[in-house]
Amino acid sequence: MMKNKRKYVQLFIIFAIIFICTSNTYAEPIFPFSFGFDVKPAESPSEVASSIQILLILTVLALAPSILIMMTCFTRITIVLSFLRNALGTQQMPPNQVLIGLALFLTIFIMAPVGKELNEQSFQPYIREEITQQEALDRSSLTIKRFMLKQLRNEDDLAFFTSLAKIKPNEGESTINPEALPLTVVIPAFIISELKIAFEMGFLIYIPFLIIDMVVSSTLMSMGMLMLPPIMISLPFKILLFIMVDGWQLVTSSLVRSFTT
């Protein structure tokens, strides 16, 4: 009896599988995509233009961190604040998030006039369809170039990259107009200049704290306390000096006034 039941169950399963397979065989296949047989009307020029605009916006958003770092005052501010933290010897105080946030908001504050000019001269006329997209890009690049050229303390950096790019003056002119240079020349010159200025400011910040370290170290050595780390004694004095001179306001004001807008 048990063997017969097993045979019946096996036969039932086989017939069920055959029924399912044969029923699906005659079903019309439905694919979630087409193979190109359906001819669709061509997209209108306005739809193509809007797609290109969306692509450009996504590209700008992807490059926004690099644009913020390389073409604004963010680089100088971040480096100076890092020098300040190292000079104080507080290691991770304030944390990186605080320093980056402070540098970001200082960048927004300093770049506000440039952003206002970009909005008035490029973005709003383009939104009102008074200028083309290429004209808006040209005006924006000119505004940014003017800001970067104002921050150059040494024209040798700009001349160096101009010579590397093999750009020569036009006929009848003895010099090259800096505003006529491409961004590929102005941006690296601006970055090199920002690094130089930031390291100079960092060096000046280091000097008073270095003097405190030297005084504390020599005092401990004269007292014979060779096993006591000088950083443990000098750190409170450096923090006290920084608080007494209102260091955060002094450094912030020096950074903001170092930019010409």
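Residues numbered from 1 in each chain as written. Predicted model: local features only at pLDDT ≥ 70, side-chain atom pairs only at ≥ 80, totals over all residues. Heavy atoms only, no water.

(A) Summary view of the overall build of the protein chain. Along the backbone of the protein chain there are 11 helices and 0 strands. Beginning at the N terminus, the succession of helices and strands in the protein chain can be written as α-α-α-α-α-α-α-α-α-α-α. When the 261 residues of the protein chain are sorted by exposure, 26% land in the buried category. Considering only contacts in the protein chain between residues 6 or more positions apart, those separated by 24 or more positions represent 73%. For the protein chain, the exposed area adds up to about 18,800 Å²; of that, 69% sits on carbon and sulfur atoms. (Helix = DSSP H or I, 4+ residues; strand = E, 2+ residues; numbered from the N terminus. Buried < 20%, exposed > 50% of the residue type's maximum accessible area, 1.4 Å probe, protein only. Contact = heavy atoms within 4.5 Å. Areas by Shrake-Rupley, 256 points an atom, 1.4 Å probe, with all protein chains shown as cover.)

(B) Quick peek at the packing of aromatic side chains. Per the stated rule, a full pass over the model turns up 6 aromatic pairs. Look at Phe83 and Tyr206: their rings are 6.2 Å apart centre to centre, the planes differ by 85°, and that puts the pair in the edge-to-face class. Here Tyr206 lies in helix H9 (residues 183–222) and Phe83 lies in helix H4 (residues 74–88), a separation of 123 residues in the sequence. Ring centres 6.3 Å apart and planes at 45° place the aromatic pair Phe209 and Phe242 in the tilted group. Here Phe242 lies in helix H10 (residues 230–244) and Phe209 lies in helix H9, a separation of 33 residues in the sequence. The exposure class of Phe242 is buried, given its relative accessible area of 9%. One aromatic cluster is present, formed by Phe83, Phe199 and Tyr206 through successive ring pairs. We note Arg76 situated over the ring of Phe259; from NZ or CZ to the ring centre the distance is 3.9 Å. (Phe/Tyr/Trp six-rings, centres within 6.5 Å; stacked < 30°, edge-to-face > 60°. Lys NZ or Arg CZ within 6 Å of the ring centre and 35° of its normal.)

(C) Highlighting the packing of helix H7 (residues 133–151) against H9. Interaxial distance between H7 and H9 falls to 9 Å at its minimum, and their mutual angle equals 35°. H7 and H9 meet at a crossing whose hand is left-handed. Contacts from Ser141, Lys145, Phe147, Met148, Leu149 and Gln151 of H7 reach H9 at Leu183, Val186, Ile187, Phe190, Ser193, Glu194 and Ile197. Residue classes in the contact of H7 with H9 are distributed as 8 nonpolar, 3 polar and 2 charged. (Axes fitted to C-alpha atoms, helices over the stretch in contact; angles between N-to-C directions. Left-handed = near helix turned anticlockwise from the far one by under 90°. Nonpolar A, V, L, I, M, F, W, Y, C, P; charged D, E, K, R; others polar.)

(D) How the structure looks around the nonpolar core. Formed by 39 residues in total, the largest nonpolar core has its most connected members in Ile77 and Met148. By residue number, the principal contributor to this core is H9, which donates 10 residues. Dropping the residues within four chain positions of it, Met148 is found in contact with Met71, Leu183, Val186, Ile187 and Phe190. (Core = buried A, V, L, I, M, F, W, Y, C linked by side-chain atoms within 4.5 Å.)

(E) Spotlight on the side chain of Arg76. With respect to the secondary-structure elements, Arg76 resides in helix H4. Residues contacting Arg76, with those up to four places away along its chain left out, are Gln151, Arg153, Glu194, Ile197, Ala198, Met201, Leu255, Ser258 and Phe259.

(F) Just H4, in detail. With 15 residues, H4 extends 21 Å between its outermost C-alpha atoms, agreeing within 8% with the 21 Å of an ideal straight helix rising 1.5 Å per residue. Of all 15 residues that make up H4, 13 are buried, and the element is covered over most of its length. Note on H4: the residue one or two positions beyond its end, Gly89, has a positive phi of about 75°. (Expected span 1.5 Å × (residues − 1).)

(G) Layout of unusual backbone geometry. Positive phi outside glycine occurs at Asp246, with the angle close to 55°. Within the secondary structure, Asp246 sits in the loop between H10 and helix H11 (247–257).

(H) Spatial organisation of the pattern of salt bridges. Considering all chains together, one arrives at 4 salt bridges under this definition. Residues Asp157 and Lys196 are paired through a salt bridge, measuring 2.9 Å at the closest nitrogen-oxygen approach. Residue Asp157 is found in helix H8 (residues 155–164), and its partner Lys196 is found in helix H9; the two are separated by 39 residues along the sequence. (Salt bridge = Lys/Arg side-chain N within 4 Å of Asp/Glu carboxyl O.)

(I) Fine view of the confidence of the model for the protein chain. The pLDDT averaged across the protein chain works out to 76; a share of 78% of its residues lies at or above 70. Scored below 50 in pLDDT, residues 18–42 makes 0 contacts in the model with residues more than four places away or belonging to other chains. (pLDDT = per-residue confidence, 0-100.)

(J) Representation of helix H5 (residues 96–110). Counted at 1.5 Å a residue, the expected span for H5 with its 15 residues is 21 Å, and the 21 Å between its end C-alpha atoms agrees. Within H5 the residues assigned to the buried category are Leu99, Ala103, Leu106, Thr107 and Ile110. The arc that holds the buried residues of H5, viewed along the axis, is 105°, so those residues lie on one side. Opposite the buried face of H5, by more than 90 degrees, sit the exposed residues Gln97, Phe105 and Phe109. Its buried side turned inward, H5 meets helix H3 (64–70), H4, helix H6 (112–127) and H11. (Arc of directions from axis to C-beta.)

(K) Region of interest: the environment of Lys145. Take Lys145: its relative accessible area is 9%, and that puts it in the buried class. Residues Lys145 and Met71, spaced 74 residues apart in sequence, show a C-alpha to C-alpha distance of 8.9 Å. If we skip the residues at most four places from it in the chain, Lys145 touches Glu179, Ala180, Leu181, Leu183 and Val186.

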